[in-house]
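# Structural overview
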Amino acid sequence: MTNSETKATLSFSDGSPALEMPIYKGSIGPDVIDIRKLYGSTGMFTYDPGFMSTAACNSSITYIDGDKGELLYRGYPIEQLAVNGGDFLETCYLLLNGELPNADQKKEFVATVTNHTMVHEQMQFFFRGFRRDAHPMSVLVGTVGALASFYHDSLDINDPHHREVSAIRLIAKMPTLVAMAYKYSIGQPFVYPRNDLSYSANFMHMMFSTPCEPYKTNEVLVRALDRILILHADHEQNASTSTVRLAGSSGANPFACIAAGIACLWGPAHGGANEAALSMLEEIGSVDNIPEFIAQVKDKNSGVKLMGFGHRVYKNYDPRAKLMRETCYEVLQELGLQDDPLFKLAMALEKIALEDEYFVSRKLYPNVDFYSGIVQRALGIPTALFTGIFALARTVGWIAQWKEMISDPEQKIGRPRQLFVGSAKRDVPAIDKR
Ligand code: SDX
C-alpha cells in the first residue's frame, strides 16, 4: 500500500472547513480514500449500507476485477489454477502462504493435513442431538464451533504456531465433518478418513463408501470435485469472509470464527444460492416454461430472482461459472448423462437471459452457483449438502483471511456506527398516562 500524490478534499456547501484525506494505492485495483479522521474532524460518518463503496481492510490474498470477470488467487488466474495449477491442497498452500508449494513443501503439507483428518471420537455425540433431517449447515455451524472445546492447546490467536495448527485442523477436518453430516442424515455409519487417499478422494470415500463392500473412487469425478473446491476456495471480502474477519477482530477463536462464516454462507443470497438454483431449475421443469419464469423475475412484486445469476462485484461473466459449466459437462459425459435435462435447461436459460435486456442492462451474468448444483447432483451429493461443500472449500479462504487480519498491525475490533433515525430522548410516562 503506497501513498498517492493525489489527496481527496471534502468540501461543504455551507462553508464548513474542507477536509483533506490521504489516498492509498494498492498493487492493482481501485485506490482507497482514508476516511479514518472524518468523524473526529467533522462529527459525521460515511453512509454505505451493504458496503458498496467500502474497503474494510487491505489484503494480498485474492483479487477480483468485476468488470473484466477476473479472479486471481495470490496473483494467479483462477482459470490456470483450476485447470493446470495442481490440486486443491496446492491452492490451500498458496492461499495460506502466498506461493505455490514446491515438491517437498507439497509433500509435507499434504502429510500434515492428511494426519489431522480424524475428529475426536466424542464429536460423534454432537451429531446424535440433531434430527436426522436437520439441514447440514445447522449441523456444521454446531460441530465446527464445538471443535473449539477439544483444542485448548491451539486457541491462543496471538501465537503464530497456534494459528497455523488451527488452520491445518480446520482444513483437514471439514471434509470429515461434512461427510459425517451426510452419513448421519441417511442413517449410515460414519466412515473414518483414509490416509492413503488424496484429499478429494478421501472425501468421496467418506461420503459414499459403506463397511459392506470395497469402494473404488472414479478419478474423473475426484478431479471434478477437486476443481469445484478450488473454484470456491476464496473470494475477497464477501459476506461470509467479512463475517469471519469481524468475529476474529474481537479475538474469538478460529473455530468460532469459521462457525460464524458457515452461518453467513448459509443464506440464499450467498452460498445457499447453489441449492436455490437447482430447486429453481427443477421448478421451471422444461425449456417451454422459461419465458413465463423470466416474466416472473422481471415482475418486482413476484420476489422471484434468477438464482445463480448476478453478483455484487462481477458485472461480467463470473470466471468460475465458465469453469463450473465445463466441469459439469465433463462429469455428465463421464457418467453418460450428457443429455441431463436440467443441464440442458440451465444452458437454455443462460442463453435466453444473456440475450434479454433486463439482465443485460443490469449486468447480470451466471455466477459460481449457477452450474454447481447440477454437477454436485451428478456427483451424488444431495441438494441440501451443496452449501456444505461450499463451506468445506471456503474454509481455507476464511482461515487465510483470518490469519492475515490477526497479523495486520492496523487491525482493530470492527465496530461500525449508524445513522440514527429513531426516537430522540423522551421521558417514560406513568403507566396510567400511556
Ligand atoms: C455468491 O460476494 C461474493 O463474492 C459472493 C460469492 C463468493 O464466492 O463468496 O461470489 C458467492 O454469493 C454468489 C452470489 C450467489 N447469489 C445468487 O445467485 C442469488 C441471486 N443473486 C442476487 O440475489 C444478487 O445478484 C446478489 C445478492 C448476488 C447481488 O446483489 P446486489 O449486488 O446487492 O445487487 P442488487 O440486488 O442491488 O441488484 C441490482 C439489480 C436489482 O434490480 P433494480 O433494483 O436495479 O431494478 O439487479 C436485480 C435487482 O433486482 N437483480 C436480479 C438478480 N440479481 C440482481 N434480478 C433477478 N435475478 C437476480 N439473480
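Reading the values: the criteria
- Residues numbered from 1 in each chain as written.
- Predicted model: local features only at pLDDT ≥ 70, side-chain atom pairs only at ≥ 80, totals over all residues.
- Heavy atoms only, no water.
- Buried < 20%, exposed > 50% of the residue type's maximum accessible area, 1.4 Å probe, protein only.
- Helix = DSSP H or I, 4+ residues; strand = E, 2+ residues; numbered from the N terminus.
- Pairing = 2+ DSSP bridges.
- UniProt positions renumbered as here; feature names shortened; annotations may be inferred.
- Contact = heavy atoms within 4.5 Å.
- Polar contact = N/O pair within 3.5 Å; in protein donor to acceptor, adjacent residues only side chain to side chain.
- 1 Å grid on protein atoms, 1.4 Å probe; cavity = no way out; pocket = protein on both sides within 12 Å on 5 of 7 lines; lining within 4 Å.
- Points joined across faces, edges and corners; volume = space filled by probe spheres on them.
- Nonpolar A, V, L, I, M, F, W, Y, C, P; charged D, E, K, R; others polar.
- Domains from an automatic or database assignment.
- Buried area = accessible area lost by both parts, 1.4 Å probe.
- Salt bridge = Lys/Arg side-chain N within 4 Å of Asp/Glu carboxyl O.
- Axes fitted to C-alpha atoms, helices over the stretch in contact; angles between N-to-C directions.
- Parallel < 35°, antiparallel > 145°, perpendicular 65-115°, else oblique.

Quick look at the pairing of strand β4 (residues 62-65) now. Along β4, one buried face is formed by Thr62 and Ile64 and the opposite face, lined by Tyr63 and Asp65, is buried too. Both β4 and strand β5 (residues 70-73) contribute to a ladder of four bridges, which runs antiparallel. Across the sheet, the residue bridging to Tyr63 is Leu72, located in β5. Counted between consecutive antiparallel strands, the loop separating β4 from β5 contains four residues, among which Gly69 sits at a positive phi close to 70°.

This next bit is on the sheet that holds strand β2 (residues 19-25). Overall, antiparallel pairing links the three strands, which are arranged β1-β2-β3 in an open sheet. Of all the strands in the sheet, the pair left with one neighbour each is β1 (2-10) and β3 (32-33). The pairing of β2 with β3 spans two bridges and is classified as antiparallel. By the bridge assignment for β3, Tyr24 is matched with Val32.

Glancing now at the UniProt feature "active site" (unreviewed entry) in the protein. Within the UniProt annotation, "active site" (unreviewed entry) is assigned to His311 and Asp369. Spanning 59 residues, the named residues form one tight spatial group whose C-alpha atoms are at most 10.5 Å apart. The contact partners of His311, leaving out residues within four places of it in the chain, are His235, Asp318, Arg320 and Asn367. Within the structure, His311 has its side chain in polar contact with the backbone nitrogen of Val313 (distance 2.9 Å). In this structure Asp369 comes out as buried when scored by relative accessible area, which is 5%. Excluding its chain neighbours within four sequence positions, the residues that come into contact with Asp369 are His270, Gly271, Ala273, Asn274, Ala277, Gly308 and Phe390.

The next subject is the side chain of Thr114. Examined against the element boundaries, Thr114 turns out to sit in helix α4 (residues 103-114). The exposure class assigned to Thr114 is buried, which follows from its relative accessible area of 16%. A polar contact is formed between the side chain of Thr114 and the backbone oxygen of Val110, at a distance of 2.6 Å.

Attention shifts here to the layout of surface pockets. The volume enclosed by the second largest pocket comes to roughly 250 Å³. Sort the elements by how many residues they give to the lining of the second largest pocket and helix α9 (residues 219-231) lands first, with four residues. Taken together, the residues of the lining of the second largest pocket break down into seven nonpolar, six polar and five charged.

What follows covers the sheet that holds β5. Within a sheet, adjacent strands bond to each other through the backbone by hydrogen bonds, running parallel or antiparallel. Read from one edge to the other, the open sheet built from three strands follows the order β4-β5-β6, with strand pairing classed as antiparallel. Of all strands in the sheet, those with a lone pairing partner are β4 and β6 (76-77), marking the two edges.

Most of helix α8 (residues 199-208) is tucked away: nine of the ten residues are buried. Here α8 has its buried residues at Tyr199, Ser200, Ala201, Asn202, Phe203, Met204, His205, Met206 and Met207. For α8, the secondary structure elements touched by its buried residues are α3 (88-97), α4, α7 (160-186), α9 and α18 (386-406).

The next point concerns the domain arrangement of the protein. By domain assignment, the protein separates into domain 1 (2-55) and domain 2 (58-412). Taken over C-alpha atoms, the centre of domain 1 sits 35 Å from the centre of domain 2. Taken together, the contact pairs five residues of domain 1 with four residues of domain 2. Taking both partners together, domain 1 and domain 2 bury about 360 Å²; carbon and sulfur atoms supply 57% of that area. Of all residues in domain 1, the largest losses of buried area upon contact with domain 2 belong to Ile28, Arg36 and Met52, amounting jointly to 74% of the total for that side. In this assembly, domain 1 and domain 2 are joined by one salt bridge. Close ionic contact of Arg36 with Glu410 constitutes a salt bridge, the shortest N to O distance being 3.2 Å. On the surface where domain 1 and domain 2 come into contact, there are two residue pairs in polar contact (both at pLDDT 80 or more). Within the side of domain 1 that touches domain 2, the residues separate by chemical class into two nonpolar, two polar and one charged.

Another point: the packing of α7 against α18. For any two helices packed against each other, one specifies the inter-axial angle together with the distance between the axes. Across the interface, α7 lies against α18 with an axial gap of 9 Å and an inter-helix angle of 170°. Classified by the angle between their axes, α7 and α18 sit roughly antiparallel to one another. Packed against α7, whose contacting residues are Arg163, Glu164, Ala167, Leu170, Ile171, Met174, Pro175 and Val178, the element α18 presents Gly388, Ile389, Ala391, Leu392, Thr395, Val396, Ile399, Trp402, Lys403 and Ile406 at the interface. Looking at the contact of α7 with α18, its residues break down into 13 nonpolar, two polar and three charged.

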